There are 2 protein chains.
Amino acid sequence: MRRGKPNDPGRRARILQATLEVIRDGGIEAASYRGVAAHAGVPLGSMTYYFPTLEGLIVSALDTTRSDLEPRYAAPLREARTLADVVDALVEATIGATSPTLDDIRLYEDIRHHGARNPEIADVLQAVEDDALVMLHRVVPNNTALAINALLWGWWSHRLAHPDTALDELIVRQAFEALVTLPAPGHPFHEQEQNHA
Amino acid sequence: MRRGKPNDPGRRARILQATLEVIRDGGIEAASYRGVAAHAGVPLGSMTYYFPTLEGLIVSALDTTRSDLEPRYAAPLREARTLADVVDALVEATIGATSPTLDDIRLYEDIRHHGARNPEIADVLQAVEDDALVMLHRVVPNNTALAINALLWGWWSHRLAHPDTALDELIVRQAFEALVTLPAPGHPFHEQEQNHA
DNA sequence: ACCAAATGTGTACACTTGTACATATTAGTG
DNA sequence: CACTAATATGTACAAGTGTACACATTTGGT
């Protein structure tokens, strides 16, 4: 008998990666079996062998993005000690070094877009967003985390809609500062913050 | 000769409306000549007669949404007298009576999504957003308007991603209040606001 | 009534899509 | 070396697409 060792190990992974690349620069609707096959350099049959249904392939590919988000966006937040650190991390995530490229934002928007009508992808989406919220919740009250998350997404979305106009760092910072210090009785930092930064 | 009077006047408009309806509950990719034709009760030939290219039809249909946005969202803002009024209008636009339904939000997201890769639709998008910004700019400094716009879109987007969880009005209000009162030297309201509301 | 031009419509074509499936190739076990 | 099952692949098909276009119908002016 034969135990399941693939003839070309890593082919599955290569297909997934190729799928994401195709989606990244053509949108989800550009992800066809044949297109991805060509891009990955595998025959059509390989596609349907590893991923019997196209929807499954797409969901799997999108799911791999979850791990990309963590180091970029969540990690700096985790290390924030003061509210000023939190604001710094948020500004960075919006327009700074750890912020997503326009292609990435487009990708996220693709996921959101598709998730609005496809339950499986909605799950991926919810998971990503929950990760972010949990992270934020460590340094800020629950509802505030919601607002911050909304604003962050709004800024990203704005960048995508206005690719040529750079966002002014000052306003981004001020906006996050305003949200971070929203009234919230009995939460960490909030009482002795003034003398920290 | 004949001067151009259609045999069935209003057919063009009916096609546009049907297109928007199809898009509204199936997404842009659901808008096919045949599908819309069936929905509008016109033969396929009529479609290509009035709209020789599908892309043109879609752009035209999406363009009609611009006029819908004005009374809903912009009008209440125009009548705002104090900053408190502005906040009220924004809260209403986010989760209140003048706020878009989930279907509408999905539609906006469709437009944004498609606009990210299609220049013609990007124009429509930019126009809509500029309208909103101009309106906001009447009551709030320029950069602040950007932030508010971003947050508003973020809230809408959040609603779409979490259809079952209602947003808490208090946090929405507080968040907008925080942004609206951002430091902005020499702008209307800002000096004597405290005693207004 | 006649005609030209605008409006309206059915059919056909070339193309792409997801997916099924018969067939070929490989790898490990006995 | 066989034998079997997993892995790999090319082809075929039905369904759907945008669009072109020949044809029919209506309209208004003469």
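Residues numbered from 1 in each chain as written. Chains lettered and ligands numbered in written order. Predicted model: local features only at pLDDT ≥ 70, side-chain atom pairs only at ≥ 80, totals over all residues. Heavy atoms only, no water.

Engineer: Give a detailed account of the interface of chain B and chain A, specifying residues and quantitative values.
Structural biologist: The partner chain A presents 40 residues to the 40 residues of chain B that form the contact. Across the interface of chain B and chain A, roughly 3200 Å² is buried in total on both sides, 59% from carbon and sulfur atoms. Contact with chain A buries area across many residues of chain B, yet B:His113, B:Arg117 and B:Ile171 alone supply 18% of it, more than any other trio. In this structure, B:Asp110 engages A:Arg117 in a salt bridge whose closest nitrogen and oxygen atoms are separated by 3.9 Å. Linking chain B with chain A are twelve residue pairs in polar contact (both at pLDDT 80 or more), by the criterion used here. Of all the secondary structure elements, the ones that give two or more residues to the side of chain B that touches chain A are α1 (11-24), α7 (102-115), α8 (119-137), α9 (142-161) and α10 (169-180) of chain B. The element best represented in the side of chain B that touches chain A is α9(B), accounting for 13 residues. Class assignment of the residues belonging to the side of chain B that touches chain A gives a composition of 18 nonpolar, eleven polar and eleven charged. (Contact = heavy atoms within 4.5 Å. Buried area = accessible area lost by both parts, 1.4 Å probe. Salt bridge = Lys/Arg side-chain N within 4 Å of Asp/Glu carboxyl O. Polar contact = N/O pair within 3.5 Å; in protein donor to acceptor, adjacent residues only side chain to side chain. Helix = DSSP H or I, 4+ residues; strand = E, 2+ residues; numbered from the N terminus. Nonpolar A, V, L, I, M, F, W, Y, C, P; charged D, E, K, R; others polar.)

Engineer: A description of the side chain of B:Asn149 should follow, citing residues and the corresponding values.
Structural biologist: By secondary structure assignment, the location of B:Asn149 is in helix α9. Those residues in contact with B:Asn149 that lie beyond four places of it in its chain are B:Tyr73, B:Glu129, B:Ala132, B:Leu133 and B:Leu136.

Engineer: If you had to explain the domain arrangement of chain A to someone new, which residues and values would you point to?
Structural biologist: All names here are of chain A. Partitioning chain A into structural domains gives domain 1 (11-63) and domain 2 (65-180). The C-alpha centroid of domain 2 is placed 27 Å from the C-alpha centroid of domain 1. Counting residues at the interface gives eleven residues for domain 1, matched by twelve residues for domain 2. Carbon and sulfur atoms make up 57% of the surface buried where domain 1 meets domain 2, a total of about 1100 Å² over both sides. The tally of links between domain 1 and domain 2 comes to one salt bridge. Taking the shortest distance from any N to any O, the salt bridge between Arg-24 and Asp-104 comes out at 2.2 Å. Taken together, the connections running from domain 1 to domain 2 amount to six residue pairs in polar contact (both at pLDDT 80 or more). Looking at the side of domain 1 that touches domain 2, the elements with two or more residues in it are α1 (11-24) and α4 (54-63). With six residues, α4 is the largest single contributor of residues to the side of domain 1 that touches domain 2. Looking at the side of domain 1 that touches domain 2 residue by residue, the classes come out as seven nonpolar, one polar and three charged. (Domains from an automatic or database assignment.)

Engineer: Go over the relation of the copies chain B and chain A with me, naming the residues and quoting the values.
Structural biologist: For the match of chain B to chain A, the screw axis carries a shift of 0.0 Å, the RMSD comes to 0.1 Å, and the turn is 180 degrees. Look at the turn and shift together and you get a two-fold axis relating the two. In this assembly the copies share their binding face: 100% of the residues contributing to the interface of chain B also contribute to that of chain A. (Least-squares fit on C-alpha atoms with pLDDT ≥ 70 in both.)

Engineer: Quick rundown of the nonpolar core? Include the residues and the values.
Structural biologist: In this structure, A:Trp155, A:Phe176, A:Leu179, B:Trp155, B:Phe176 and B:Leu179 are the most contacted members of the largest nonpolar core, which totals 80 residues. Dropping the residues within four chain positions of it, B:Trp155 is found in contact with A:Leu146, A:Ala147, A:Ala150, B:Thr94, B:Leu167, B:Ile171, B:Val172, B:Ala175 and B:Phe176. (Core = buried A, V, L, I, M, F, W, Y, C linked by side-chain atoms within 4.5 Å. Buried < 20%, exposed > 50% of the residue type's maximum accessible area, 1.4 Å probe, protein only.)

Engineer: Explain helix α7 (residues 102-115) of chain A to me, using residue names and the numbers behind them.
Structural biologist: Working note: α-helix, 3.6 residues per turn, so residues spaced by three or four point in the same direction. With 14 residues, α7(A) should reach 20 Å at 1.5 Å per residue; the first-to-last C-alpha distance of 19 Å fits that figure. Counted residue by residue, α7(A) has twelve buried out of 14 residues, so it is predominantly covered. (Expected span 1.5 Å × (residues − 1).)

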